[in-house]
Amino acid sequence: MNYSIYKNEKSKKRILGHYDEYLHELHTDVEREYVITRFGKTHMLICGPENGKPLFILQGGNCINPMTLSWFSGLLKQYRIFAPDTLGHPGYSDEIRLSAGDESFALWITDLMSHFKINRSAFIGPSYGGGILLRLAAHSPEKIACAILFAPAGIVMGSKVDMIKRILLSLMIYKMNGSKKRLKSITDVLSDGEMKGIDRKIIGEIFRGVSLENDMPKLTTSEDLKHYKAPTMIIGGKKDIFFPGDKLKERAEEVIPNLVEAAICDGGHFTSRQQLESLNTEMSKFLDRYYA
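Before going further, it helps to spend a moment on the environment of Asn8. Inspection of the secondary structure puts Asn8 in the segment before α1 (9–22). The class of Asn8 is partly exposed, set by a relative accessible area of 39%. Once the C-alpha coordinates of Asn8 and Asp240 are considered, the two residues, 232 residues apart in sequence, prove to be 31 Å apart. Among the polar contacts listed, one links the side chain of Asn8 to the backbone nitrogen of Lys10, at a separation of 3.2 Å.

Take a look at the structure:
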């Protein structure tokens, strides 16, 4: 199969170079392992104490796994972390895109859990990874001990008109000319002006060097989650253009049976460093309380 998500080999090399360099931002020892699943070869980042309770952290869409993992730095030395590169997204896993509207991603995660002999785990699902986690909750709810949905896809969508006006038009221009001004305009919307320079640079490389995943995970219904009972925390941003926090909380209360905590911050889809520090404390408390 000759299909690649990357526009060319130079783009792939640059993005994977950023991936390797970003691992140093985690300030912890990280193991790397490939796992064969029914859908393709999956690259895993693993860290934390070997005897720690397992915690799966899923990758955000159209970014790199170490960037997502860095958002949860307060948890990396407390739990045994398993962080897969999502198939078909930037990273070292096979470049095979799965549907986020059926059971494919749920089966993919169960294959990973089976490989590591983990029957049940806590999960964190940020952004697109939240949509993947909701597919697992619908298909194999018994696999989830408790869950944190962090600005997740799969619950509510923001205004398409706003996305076109504030992101997509600038993105089209940026893809053509690589304007730093356009890139900053986009990333300011994504992060409420708080995106780190290294993240902006990598996001820019991905925008221009990758065929982006444009299909969002399906919106979850209460019927989908009728057998899901795990304690769940949801975190959102009021200025998140993709999944606005207030609407996210309102609909999550309708569809998630055991939504026990909600934290809606002032920021955008990408959270500021200061807010992340506070949220890591809240997430740690949640896991202490519900991850028995």
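The discussion continues.
Taking 1.5 Å as the rise per residue, helix α7 (residues 197–209) with 13 residues should run 18 Å; its terminal C-alpha atoms sit 18 Å apart, in good agreement. For α7, every residue scored as buried is listed here: Asp199, Arg200, Ile202, Ile203, Gly204, Glu205, Ile206, Phe207 and Gly209.

So, on to the packing of aromatic side chains. Applying the stated criterion across every chain, the model contains 13 aromatic pairs. Geometrically, the ring pair formed by Phe242 and Phe243 is tilted, given 6.0 Å between the ring centres and 50 degrees between the ring planes. The same class applies to Phe242 as to Phe243, namely buried. Aromatic side chains Phe286 and Tyr290 sit 5.1 Å apart centroid to centroid with 45 degrees between the ring planes, which places their arrangement in the tilted category. Residue Phe286 and its partner Tyr290 are located together in helix α9 (residues 273–290), separated by four residues, close to a single helical turn. Take Phe286: its relative accessible area is 0%, and that puts it in the buried class. Classification of Tyr290 as partly exposed rests on a relative accessible area of 27%. Its end group placed over the ring of Tyr92, Arg32 keeps NZ or CZ at 4.9 Å from the ring centre.

Let us look at the pattern of salt bridges. All chains considered together, the criterion is met by 15 salt bridges. Glu205 is the salt-bridge partner of Arg14, the closest N and O atoms lying 2.9 Å from each other. Of this pair, Arg14 sits in helix α1 while Glu205 sits in helix α7, and the two are 191 residues apart along the sequence. Judged by its relative accessible area of 41%, Arg14 is partly exposed. By relative accessible area, which is 19% here, Glu205 ends up buried. Taking the shortest distance from any N to any O, the salt bridge between Lys249 and Glu253 comes out at 2.7 Å. Of this pair, Lys249 and Glu253 are both found in helix α8 (residues 245–255), four residues apart, which corresponds to roughly one turn of the helix. By relative accessible area, Lys249 is classed as partly exposed at 29%. On the basis of relative accessible area, Glu253 is assigned to the partly exposed category, the value being 46%. Overlapping salt bridges bring together Arg135, Lys218 and Asp224 as one network.

What follows is about a nonpolar patch on the surface. On the surface, Ile164, Leu168, Leu169 and Met172 cluster together into a nonpolar patch covering about 370 Å² of accessible area. With respect to the helices and strands, the residue Leu168 is situated in helix α5 (residues 160–177).

Parameters at a glance
- Residues numbered from 1 in each chain as written.
- Predicted model: local features only at pLDDT ≥ 70, side-chain atom pairs only at ≥ 80, totals over all residues.
- Heavy atoms only, no water.
- Helix = DSSP H or I, 4+ residues; strand = E, 2+ residues; numbered from the N terminus.
- Buried < 20%, exposed > 50% of the residue type's maximum accessible area, 1.4 Å probe, protein only.
- Polar contact = N/O pair within 3.5 Å; in protein donor to acceptor, adjacent residues only side chain to side chain.
- Expected span 1.5 Å × (residues − 1).
- Phe/Tyr/Trp six-rings, centres within 6.5 Å; stacked < 30°, edge-to-face > 60°.
- Lys NZ or Arg CZ within 6 Å of the ring centre and 35° of its normal.
- Salt bridge = Lys/Arg side-chain N within 4 Å of Asp/Glu carboxyl O.
- Patch = residues over 30% accessible without salt bridge, like charges linked within 9 Å, V, L, I, M, F, W, Y side chains within 5 Å.
- Areas by Shrake-Rupley, 256 points an atom, 1.4 Å probe, with all protein chains shown as cover.

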